[in-house]
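# Structural overview
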Amino acid sequence: MKPNQLILKPSIRQSLKHKFILFLIYSILIITAIAVLHPVLWVILGSFNPGDTISATSYIPNNLTLGHYINLFTETNYFIWYKNTLFIAVMNMILSTLLIVSAAYAFSRFRFPGRKQGLMVMLILQMFPSFMGMIAIYILLLQLNLLDNLWGLILVYAGGSIPFGTWLVKGFFDGLPRSLEEAAKIDGASHTTIFVRVMMPLSVPMFTFIAVSNFIGPWMDFIFARLVILSDRNKTLAVGLFEMITGRANNQFTTFAAGAVLVAVPITILFLVLQKYIIEGLKAGANKG
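What you see is a predicted model; the values in this text were computed from it and never measured.

Along the chain, Asn-234 falls in the loop between helix H10 (223–228) and helix H11 (237–244). When near neighbours in sequence (up to four residues on either side) are disregarded, Asn-234 contacts Asn-84, Asp-148, Leu-150 and Ile-229. Among the polar contacts made by the side chain of Asn-234, one reaches the main-chain carbonyl oxygen of Asp-148 at a distance of 3.0 Å.

Listed below in structure tokens is the structure:
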């Protein structure tokens, strides 16, 4: 056996091992992509499928129709559901972001009695699923006359988002140098001015991530909307679409698919437009603190 052959064998083995690992990684990625995209594609095709069932949907449909999208706005209250859900999501995004950011800034930059205890309480609250408090939330909203009220639902979402969001944003604020604030204080800036003119411009990615997260939560939620909303005029998309496919007489699966496609449009646009800031916010919240 020649010496050159002995030298080449380890490199060949490493090359084969490297190719096998790449093959395994790409196989897992392809299988995952198929598992994720298959139901999405099936729902999209089902929304254009004639009839009321999506069981006859095929990847190469013979006939396509926009009738289900038209029926959503002419034969159902889909526009009202969409308007209610959009209002709840936008208001919750604004209110939750303000509460989370102000609370995180206070816990990060100020020292006051009960600070550690407050942080610990919020940390413990994250360990319990939110639906454990459904009965208490229902009774509280009933006593405050906020049942079947969009603002009652907004307050529930906003309050539930504070613990996790505060810890996340606090970790980001802890990583920002205090020398910036000290320089602003020397120039005579107040805490409000420092927060608005110094901290906020440096925290755009984190604020964007928090805002988008608090927009998506109410947009997709079903449990609390079903609990709080009682009348048809205040229904959200999740509740209204669910009722299309429940019960003996409600079998509008293709219309449901069309509504589900339209539900995904705002979220998809948000992610495409703000993808850069969302990724930066995730990295910042994970690394700093």
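Our next topic: the packing of helix H4 (residues 115–125) against helix H6 (residues 150–174). Taken N-terminus to C-terminus, the directions of H4 and H6 make an angle of 120 degrees; their axes are 8 Å apart at the nearest point. In this view, H4 runs oblique relative to H6, as classed from their interaxial angle. Remark: the crossing between H4 and H6 carries left-handed chirality. Where H4 abuts H6, its residues Arg-115, Leu-119, Met-122, Leu-123 and Leu-125 lie against Ile-162, Pro-163, Thr-166, Trp-167 and Lys-170. Split by residue class, the contact of H4 with H6 holds seven nonpolar, one polar and two charged.

If you look at the biggest cluster of nonpolar residues, it comprises 20 residues, and the most contacted ones within it are Val-169, Phe-173, Met-199, Met-206 and Ile-210. Of all the elements in the fold, those that place two or more residues in this core are helix H3 (78–109), H6, helix H8 (191–202) and helix H9 (204–220). Top contributing element to this core by residue count: H9, with five residues. Leaving out residues up to four positions away in the same chain, Val-169 has contacts with Ile-100, Ala-104, Met-206 and Ile-210.

Let us look at the packing of aromatic side chains. Taken as a whole and assessed by the stated rule, the structure comprises 14 aromatic pairs. For the pair Tyr-105 and Phe-110, a centre-to-centre distance of 5.8 Å together with 85 degrees between the ring planes defines the contact as edge-to-face. Seen in terms of ring centroids, Phe-173 and Phe-207 are 6.4 Å apart; in terms of plane orientation they differ by 85 degrees. Their pairing is edge-to-face. Within this pair, whereas Phe-173 is found in helix H6, its partner Phe-207 is found in helix H9, the two being separated by 34 residues in sequence. Every member of this aromatic cluster is reached through a ring pair, and the members are Phe-73, Tyr-78, Trp-81, Tyr-82, Phe-215 and Trp-219.

Our next topic: the packing of H3 against H9. Where H3 meets H9, the axes come as close as 8 Å, and the angle between the chain directions of the two elements is 145 degrees. Along this stretch, H3 crosses H9, giving a crossing that reads as right-handed. Between H3 and H9, the contacting residues are Tyr-82, Thr-85, Leu-86, Ile-88, Ala-89, Val-90, Asn-92, Met-93, Ser-96, Thr-97, Ile-100 and Val-101 on the first element and Phe-207, Ile-210, Ala-211, Asn-214, Phe-215, Pro-218 and Trp-219 on the second. Its residues placed into classes, the contact of H3 with H9 shows 14 nonpolar, five polar and no charged.

Turning next to a nonpolar patch on the surface. Taken together, the side chains of Phe-20, Ile-21, Leu-22, Phe-23, Leu-24, Ile-25, Tyr-26, Ile-28, Leu-29, Ile-30 and Ile-34 present a nonpolar region at the surface, about 1100 Å² in accessible area. Within the secondary structure layout, Leu-24 lies in helix H1 (residues 3–47). Leu-24 sits in the partly exposed class, given a relative accessible area of 43%.

Structurally, the position occupied by Val-40 is in helix H1. Considering only alpha carbons, one finds Val-40 and Val-261, 221 residues apart in sequence, at a separation of 8.7 Å.

Another aspect to go through is the pattern of salt bridges. Summed over all chains, the structure comprises five salt bridges. Between Asp-174 and Lys-170 there is a salt bridge, with the nearest N and O atoms lying 2.7 Å from each other. With a gap of four residues between them, Asp-174 and Lys-170 both fall in helix H6, about one helical turn apart. Where Glu-243 meets Lys-235, a salt bridge forms, and the shortest distance between an N and an O atom there is 2.4 Å. Three or more residues joined by partner-sharing salt bridges are found here, namely Arg-226, Asp-232, Lys-235 and Glu-243.

About the cut-offs
Residues numbered from 1 in each chain as written. Predicted model: local features only at pLDDT ≥ 70, side-chain atom pairs only at ≥ 80, totals over all residues. Heavy atoms only, no water. Helix = DSSP H or I, 4+ residues; strand = E, 2+ residues; numbered from the N terminus. Contact = heavy atoms within 4.5 Å. Polar contact = N/O pair within 3.5 Å; in protein donor to acceptor, adjacent residues only side chain to side chain. Axes fitted to C-alpha atoms, helices over the stretch in contact; angles between N-to-C directions. Parallel < 35°, antiparallel > 145°, perpendicular 65-115°, else oblique. Left-handed = near helix turned anticlockwise from the far one by under 90°. Nonpolar A, V, L, I, M, F, W, Y, C, P; charged D, E, K, R; others polar. Core = buried A, V, L, I, M, F, W, Y, C linked by side-chain atoms within 4.5 Å. Buried < 20%, exposed > 50% of the residue type's maximum accessible area, 1.4 Å probe, protein only. Phe/Tyr/Trp six-rings, centres within 6.5 Å; stacked < 30°, edge-to-face > 60°. Patch = residues over 30% accessible without salt bridge, like charges linked within 9 Å, V, L, I, M, F, W, Y side chains within 5 Å. Areas by Shrake-Rupley, 256 points an atom, 1.4 Å probe, with all protein chains shown as cover. Salt bridge = Lys/Arg side-chain N within 4 Å of Asp/Glu carboxyl O.

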